[in-house]
Amino acid sequence: MLRELPATVRDLGRTAEIASVLVRYGFGDVVRRIGLAGVLERTGRALNWTSTAETARLSPPQRARHSLQELGPAFVKLGQILATRVDLFPPDWIAEFEKLQDRTPASDAAAVRAQLIADLGAPPEAVFRDFDPVPVAGGSIAQVHRARLQDGTPVAVKLRRPGIESVVEADLSLLARLAQLAESQLHDLARFRPREVVRQFTRTLRAELDLALECRSAERIARSLRDDPGIVVPKVFWEWTGERMNVQEYVDGIPSRDFAALDRAGLDRRALARRGARAMLKLVLEDGFFHADPHFGNVFYLEGNRLALIDFGMTGRLTTPRRDELVQLLVGLVERDTAATVDVLLEWAGAAEVDEEAVAADVDAFIDRYHGLPLAQVGIGAMLADLIRLLQEHRLVLPPDLALVLKVAATLEATGHELDPAFDMASEAEPFLRAATLERHGPTAVARRGWRAARSALEILSDLPRDVRQVLRSARSGRLQVHVDVTSLERFGRQLDRAANRLTVGVVTAALVIGSSIVMTVGGGPTLLGLPAFGLLGFLAAAAGGAWLLFSIWRSGRGK
């Protein structure tokens, strides 16, 4: 217990800090809705409440973004994860989460140098020919410095910020507690699976803390794309790479949003858009391991119409069963198989209560909207938006890995259209979808699934005699128990218990009123305020009992 005391004190301080930030950003929406933003702004100028006046003008999504930004690295990363959950938040919230930037000032130079010496085993000047102590880029988790190896090779040295791990772990602990509380106490939030979201976020953030893991992910993706010379993944220099530092080849290319430089270099925008889309589609649909954050800052253009991908801290994974479900969904949409499509959506919904008939009707309408259109006329972005709206209307939530896939698909289409207004994401995806469908329904895949099913059935049959013997042995010894959990009966019992309590309080209150009235008519005995003391106390107790009874009935009427 004594060992846990410092962590408890630390968590209490951080909890107070989080609460203060949330409170500061929590009242602006109420003020804005009742039309007092102008009054608050004038009052704020008079009393120097600048932050309050500014907050009153912000929309709820903006206040959420500012809150996360102010709370620090873990919460900024949480917002970036939430930006991928297009199935949970409407577009205005997603747009604000996407604005979250984790650029922070450079860490203390002395602390960075001390960490570098510890990781390299020598001062940086002894390892690198040149090392720039001023970072060229910085995020909340790490910062990047330019350097040159002894042979003159330009490299990017990525350093984890000193002391960041303890800050992140403290925030992750608090977030896990908050998610558990939200899921158990706030039933409206339970369908959003806050604990699952926090678990996904925890895995992602811990992976980002391990800079060596980022390099392993980069090499895995480089192996997947090794047959495409147009995609460049920076080389990793493992002799100087560890958990707190990695050294990679420095990419000196054209930033992906510098379209003027792109045109001056004579690069083919259409070729770049198609090359990037095909690479990501291969990673998602064929390999099941993909770069989950292919935004503009992580893509550079090189001569020869090549693309360079950097920063593999956030990656996505699709298991083989999940990819099969995705293919089943796509096949169901193409072949107008409403039942197959609904089966996949309900499988993804898990234990959530869903009106299957209503879902089937809306899915059928969704399929009709796109059936018969040439693939080139199907806007992937519009179709995904319609699908997300359908999920939200029926309170269905996507698994986190599929939410990442949808986010990557939307990002690819947006990037492709910025490069080439005629870019057609659906046509680029068609050959990959066809190959995935053939792979799933091909003879080899069918035989593999059949063998797996037959093996499972044989295992069940072989274990059946033993299981039957165990059941019979338990029955003979009296250890066999059957538990029947009927939720409706349990709820009915609680209602009876509350009704009995109210009835008892009502009877006691009535008895106190009658008894106190009799006492009031009897002379003698102690008095209070000129009245018989016992009678007065009886009436006060009856008033308290009556007030409790009325409050209990009122709460019951409000569904509490």
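Conventions used here
- Residues numbered from 1 in each chain as written.
- Predicted model: local features only at pLDDT ≥ 70, side-chain atom pairs only at ≥ 80, totals over all residues.
- Heavy atoms only, no water.
- Helix = DSSP H or I, 4+ residues; strand = E, 2+ residues; numbered from the N terminus.
- Buried < 20%, exposed > 50% of the residue type's maximum accessible area, 1.4 Å probe, protein only.
- Areas by Shrake-Rupley, 256 points an atom, 1.4 Å probe, with all protein chains shown as cover.
- Salt bridge = Lys/Arg side-chain N within 4 Å of Asp/Glu carboxyl O.
- Phe/Tyr/Trp six-rings, centres within 6.5 Å; stacked < 30°, edge-to-face > 60°.
- 1 Å grid on protein atoms, 1.4 Å probe; cavity = no way out; pocket = protein on both sides within 12 Å on 5 of 7 lines; lining within 4 Å.
- Points joined across faces, edges and corners; volume = space filled by probe spheres on them.
- Pairing = 2+ DSSP bridges.
- Patch = residues over 30% accessible without salt bridge, like charges linked within 9 Å, V, L, I, M, F, W, Y side chains within 5 Å.
- Lys, Arg positive; Asp, Glu negative; His and termini not counted.
- Charge placed at Lys NZ, Arg CZ, Asp CG, Glu CD.
- Core = buried A, V, L, I, M, F, W, Y, C linked by side-chain atoms within 4.5 Å.
- Contact = heavy atoms within 4.5 Å.
- pLDDT = per-residue confidence, 0-100.
- Axes fitted to C-alpha atoms, helices over the stretch in contact; angles between N-to-C directions.
- Parallel < 35°, antiparallel > 145°, perpendicular 65-115°, else oblique.
- Left-handed = near helix turned anticlockwise from the far one by under 90°.
- Nonpolar A, V, L, I, M, F, W, Y, C, P; charged D, E, K, R; others polar.

Here the focus is the overall build of the protein chain. Helix and strand content of the protein chain: 24 helices and 13 strands. Buried positions account for 40% of the 560 residues belonging to the protein chain. Total accessible area on the protein chain stands at roughly 31,500 Å², and carbon and sulfur atoms take up 58% of it.

A few words now on the pattern of salt bridges. Within this structure, the stated rule accounts for 19 salt bridges. Among the ionic pairs, Lys99 bridges to Glu96, the shortest N-O distance being 3.1 Å. Taking the relative accessible area as the measure of exposure, Glu96 reaches 7% and is therefore buried. Among the ionic pairs, Arg278 bridges to Glu428, the shortest N-O distance being 2.9 Å. Highlighted residues: Arg278 in helix 15 (residues 269-287) and Glu428 in helix 21 (residues 425-441), separated in sequence by 150 residues. Under the relative-accessibility criterion, Arg278 is labelled partly exposed at 38%. On the accessibility criterion, Glu428 (8% relative accessible area) is buried. Connected via shared salt-bridge partners are Arg65, Glu96 and Lys99.

The next subject is the packing of aromatic side chains. According to the stated counting rule, one finds three aromatic pairs in the structure shown. Aromatic side chains Trp93 and Phe97 sit 6.1 Å apart centroid to centroid with 50 degrees between the ring planes, which places their arrangement in the tilted category. Remark: Phe97 and Trp93 occur in helix 7 (residues 91-98); sequence separation between them is four residues, near one turn of the helix. Judged by its relative accessible area of 24%, Trp93 falls in the partly exposed class. Their ring planes at 25 degrees and their centres at 5.9 Å tell us that Phe128 and Phe131 sit as a pair that is stacked. Phe128 sits in the buried class, given a relative accessible area of 1%.

On to empty space enclosed by the protein. Overall, the coordinates contain two cavities of 30 Å³ or more when judged by the stated rule. As a volume, the largest cavity reaches approximately 220 Å³. The wall of the largest cavity is formed by 21 residues, among which Gly276, Val299, Leu307, Leu412 and Thr415 lie closest to the centre. Mapped by element, the contributors of at least two residues to the lining of the largest cavity are helix 15, strand 9 (299-302), strand 10 (306-309) and helix 20 (400-419).

In this section: the sheet that holds strand 9. Read across the open sheet, the four strands follow the order 5-10-9-7; overall the sheet is mixed. Each of the sheet's edge strands pairs with one partner strand only, and the pair in question is strand 5 (231-232) and strand 7 (254-255). In the sheet, strand 7 pairs with strand 9 via two bridges, with the strands oriented antiparallel. Directly across from Pro255, in strand 9, lies its bridge partner Phe300.

Another aspect to go through is a positive patch on the surface. A grouping of Arg220, Arg223, Arg226 and Arg317 is seen on the molecular surface, where their side chains present a positively charged patch. Topologically, Arg220 is positioned in helix 13 (residues 211-224). Taking relative accessible area as the criterion, Arg220 reaches 37% and is therefore assigned partly exposed.

Side chains of a nonpolar character, in soluble globular proteins, are inclined to be buried together. Formed by 91 residues in total, the largest nonpolar core has its most connected members in Phe201, Phe290, Tyr301, Leu345 and Trp348. At nine residues, the largest contribution of residues to this core is made by helix 15. Apart from residues no more than four positions distant in its own chain, Leu345 is found in contact with Leu329, Val363, Leu390, Leu391 and Leu396. Among the nonpolar cores identified, the runner-up in size contains 14 residues, and Val112, Ala147, Phe237 and Met245 belong to it.

Attention shifts here to the pairing of strand 4 (residues 154-160). Where burial is concerned, most of strand 4 is hidden: six out of the seven residues are buried. Bridging between strand 3 (residues 142-148) and strand 4 involves seven bridges; their strand directions are antiparallel. Bridged to Gln143 within strand 4 is Leu159. Linking strand 3 back to strand 4 in an antiparallel pair, the connection comprises five residues, with Gly152 at a positive phi of about 90 degrees. Pairing analysis gives five bridges linking strand 4 to strand 6 (residues 245-249), with the strands arranged antiparallel.

A few words now on the confidence of the model for the protein chain. Do not read the predicted coordinates in detail wherever pLDDT is low. For the protein chain, the average pLDDT comes to 78, and 80% of its residues sit at 70 or higher. The weakest mean pLDDT in the protein chain belongs to helix 2 (residues 28-33) at 44; the strongest belongs to strand 6 at 95. With pLDDT under 50 throughout, residues 27-50 is counted as low confidence; its partners more than four residues away or in other chains account for 24 contacts.

In the contact formed by helix 5 (residues 60-71) and helix 7, the axes pass within 9 Å of each other and the chain directions differ by 25 degrees. By the angle between their directions, the pair helix 5 and helix 7 is classed as roughly parallel. Pair helix 5 / helix 7 crosses with right-handed handedness. Between helix 5 and helix 7, the residues in contact are Pro60, Pro61, Gln62, Ala64, Arg65 and Leu68 and Asp92, Trp93, Glu96 and Phe97, respectively. Across the contact of helix 5 with helix 7, the residue classes tally to six nonpolar, one polar and three charged.

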